[in-house]
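The chain contents come next:
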Amino acid sequence: MRPFAARLALTLAVLLCSLATAGSAFAQIAEPKPNPSPADVEAAKNHMAAGVAFLRDPDGARYEEAYPEFRKAYENSGSLNALQNLAICSQKLELDGEAIEYYKIVLAKKGDDLAPEEKAQIERDLAALQATVAWVSLSADRPGVTLVDTRTPRQGNPIRNTYHIGIEQKKFGIHPGNHKLVARAEGMKDSEWTVQIANGGDYNHEFRFDPATQVTDGVTPPQPPLPPVPQPGEEDEGIPVYVWVAGGVTLAAAIPWAVFMGLSASKKSDYDALRGTAPVADQEDARSSLKTTNLLADVFLGITAAGAVTTGVLLAIALTSDSGDSADASDGPKYGVDYTIAPMADGQGTVGAAFTARF
């Protein structure tokens with residue numbers, strides 16, 4: 001392989017690897033900061049005020065909107081008042097496992113500072129939750145699964161919560177009743193489990209996805225340019241290795257581009273389903289995931305297009321070089337192409353290749 005072709009292939013391969021891993025780590029909700037800064041405390045106060053405003057809405061307490069505000073207030077400052085309000089929201093939203101955990105922390109760390117009637121109310125709520133909560137251990141046959149749990153009560157509107165699961169089992173404290181759990185994985189058909197959860201029950205379930213039902217949205221990965229077919233009477237000396245390498249890199253970029261196109265459609269569907277009904281935090285997570293998937297699809301589309309152009313240029317150069325090499329010295333002056341290809345970077349995160357040719 002010619003040196004410049006090897007360098008080009010290596011540069012493109014490294015670029016593909018780095019982009020494939022970008023965005024793979026998503027931030028999770030953190031534990032309270034041990035030493036919050038003044039800015040953290042100020043942010044916590046703002047979130048706390050917003051949460052209280054949602055609870056005092058004239059049309060009725062808006063627990064779904066207040067929940068993420070109190071959660072952020074607690075994360076920024078470790079405020080036990082924020083945690084107590086978060087426990088109340090969790091209980092109202094039927095996040096029974098979370099409510100139990102938060103109430104226990106409030107009683108352990110704030111017990112003597114609570115008014116007697118307030119402490120007695122928390123103890124009653126905690127006892128009621130512990131008496132009825134059902135513990136459900138959930139997992140899936142792949143990571144990164146979003147689980148939408150809908151409980152249909154005998155009276156009133158359905159109650160929906162969203163969880164995130166993967167290969168390792170996670171245990172959730174779930175309110176008893178009739179539940180429909182829908183597991184969603186990128187590019188796969190939904191996997192569902194309908195179950196009647198009894199008071200104090202203990203359940204295990206693994207969501208499995210059938211590879212045969214993988215959703216592709218009809219997207220077919222583009223194919224690399226085909227090499228020219230030798231004409232009768234022409235000598236076929238074969239296509240140089242570096243042309244095949246460039247074509248292979250192009251195909252390697254085209255496949256994830258097609259995959260992310262399909263994932264983007266799935267993410268858009270998930271986001272539309274959550275808008276206006278799910279907690280604000282879940283809507284923000286879905287929107288962020290959609291933006292990330294769209295960005296990756298655009299990045300790999302750009303790499304695929306650049307790879308296709310590079311493959312075509314290298315192929316043209318190879319054919320020109322072969323024609324010049326086969327000519328006899330007595331045929332007169334040789335006309336060809338003087339070219340250079342080198343990787344380049346602008347110092348701001350943009351990486352590519354520079355092509356210069358003189359005919």
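Quantities reported herein were computed from a predicted structural model and do not represent experimental measurements.

Side note on the overall build of the protein chain
Across its full length, the protein chain carries 8 helices and 9 strands. Across the 359 residues of the protein chain, 36% fall into the buried class. A total accessible area of about 20600 Å² is found for the protein chain, and carbon and sulfur atoms account for 55% of it.

A closer look at the sheet that holds strand 4 (residues 170-174)
In space, the 3 strands of this open sheet follow the order 4-1-7, with mixed pairing throughout. Both edges of this open sheet fall to strand 4 and strand 7 (202-207), since each of them pairs with a single strand only. Each neighbouring strand pair of the sheet contributes to a mean axis angle of 25°, computed without reference to strand direction. Relative to strand 4, strand 1 (residues 134-140) runs antiparallel, the two sharing 5 bridges. Residue pairing for strand 4: Trp 135 is matched across the bridge by Gly 173.

Some details on empty space enclosed by the protein
Scanning all chains against the criterion turns up 1 cavity of 30 Å³ or more. The calculated volume of the largest cavity comes to roughly 50 Å³. If you go around the largest cavity, the residues you meet are Glu 94, Asp 149, Thr 150, Arg 151, Ile 159, Asn 161, Tyr 163, Ile 174, His 175 and His 179. Elements supplying a minimum of two residues to the lining of the largest cavity: strand 2 (145-151) and strand 3 (159-165). When grouped by side-chain class, the residues that make up the lining of the largest cavity number 3 nonpolar, 4 polar and 3 charged.

Looking at the environment of Gly 302
Here Gly 302 lies in helix 8 (residues 280-326). Residue classification places Gly 302 among the partly exposed residues on the basis of a relative accessible area of 39%. Distance from Gly 302 to Ala 254, taken between C-alpha atoms, is 9.5 Å for residues 48 residues apart in sequence.

With respect to the sheet that holds strand 2
Strand order in the open sheet formed by 4 strands is 3-2-5-6, with antiparallel pairing between adjacent strands. Single-partner strands in this sheet number two, and they are strand 3 and strand 6 (191-197). Across the sheet, the mean angle separating the axes of adjacent strands is 20° when strand polarity is ignored.

Section: the nonpolar core
Core analysis: the largest hydrophobic core is formed by 45 residues, its most contacted members being Leu 138, Leu 147, Ile 165, Trp 193 and Phe 207. Sort the elements by how many residues they give to this core and helix 5 (residues 96-110) lands first, with 6 residues. In contact with Leu 147, not counting residues within four places along its chain, are Leu 138, Asn 161, Thr 162, Tyr 163, Ile 165, Leu 181, Val 182, Ala 183 and Phe 207.

Observations concerning the side chain of Asp 57
In this structure, Asp 57 sits in the loop between helix 2 (38-55) and helix 3 (63-77). A distance of 2.9 Å separates a polar atom in the side chain of Asp 57 from a polar atom in the side chain of Arg 62.

Some points on the pairing of strand 5 (residues 177-184)
Strand direction decides the pairing type here: strand 2 and strand 5, joined by 6 bridges, are antiparallel. By the bridge assignment, Leu 147 is partnered in strand 5 with Ala 183. Taken together, strand 5 and the strand that follows it, strand 6, pair antiparallel across an intervening segment of 6 residues, in which Gly 187 is found at a positive phi of about 75°.

A word on the packing of aromatic side chains
Per the stated rule, a full pass over the model turns up 1 aromatic pair. Between Tyr 163 and Phe 172 the ring centres are 4.6 Å apart and the planes differ by 50°, which places this aromatic pair in the tilted class. Phe 172 sits in the buried class, given a relative accessible area of 13%.

Some points on the pattern of salt bridges
According to the stated counting rule, one finds 9 salt bridges in the structure shown. Notably, a salt bridge pairs Asp 40 with Lys 33, separated by 3.0 Å at the nearest N-O pair. Residue class for Lys 33 comes out partly exposed when judged on its relative accessible area of 36%. A salt bridge links Arg 62 to Asp 57; the shortest N-O distance between them is 2.9 Å.

A few points about helix 4 (residues 80-92)
When the terminal C-alpha atoms of helix 4 are compared, their 18 Å separation across 13 residues agrees well with the 18 Å that a helix rising 1.5 Å per residue should span. For helix 4, the set of buried residues is Ala 82, Leu 83, Gln 84, Asn 85, Leu 86, Ala 87, Cys 89 and Ser 90. The inward-facing, buried residues of helix 4 contact helix 2, helix 3, helix 5 and helix 6 (116-132). Residue Ser 79 occupies the N-cap position of helix 4, its side-chain oxygen lying 3.3 Å from the main-chain nitrogen of Asn 81. Glu 94 sits one or two positions beyond helix 4 and adopts a positive phi of about 65°.

Reading the values: the criteria
Residues numbered from 1 in each chain as written. Predicted model: local features only at pLDDT ≥ 70, side-chain atom pairs only at ≥ 80, totals over all residues. Heavy atoms only, no water. Helix = DSSP H or I, 4+ residues; strand = E, 2+ residues; numbered from the N terminus. Buried < 20%, exposed > 50% of the residue type's maximum accessible area, 1.4 Å probe, protein only. Areas by Shrake-Rupley, 256 points an atom, 1.4 Å probe, with all protein chains shown as cover. Pairing = 2+ DSSP bridges. Axes fitted to C-alpha atoms, helices over the stretch in contact; angles between N-to-C directions. 1 Å grid on protein atoms, 1.4 Å probe; cavity = no way out; pocket = protein on both sides within 12 Å on 5 of 7 lines; lining within 4 Å. Points joined across faces, edges and corners; volume = space filled by probe spheres on them. Nonpolar A, V, L, I, M, F, W, Y, C, P; charged D, E, K, R; others polar. Core = buried A, V, L, I, M, F, W, Y, C linked by side-chain atoms within 4.5 Å. Contact = heavy atoms within 4.5 Å. Polar contact = N/O pair within 3.5 Å; in protein donor to acceptor, adjacent residues only side chain to side chain. Phe/Tyr/Trp six-rings, centres within 6.5 Å; stacked < 30°, edge-to-face > 60°. Salt bridge = Lys/Arg side-chain N within 4 Å of Asp/Glu carboxyl O. Expected span 1.5 Å × (residues − 1).

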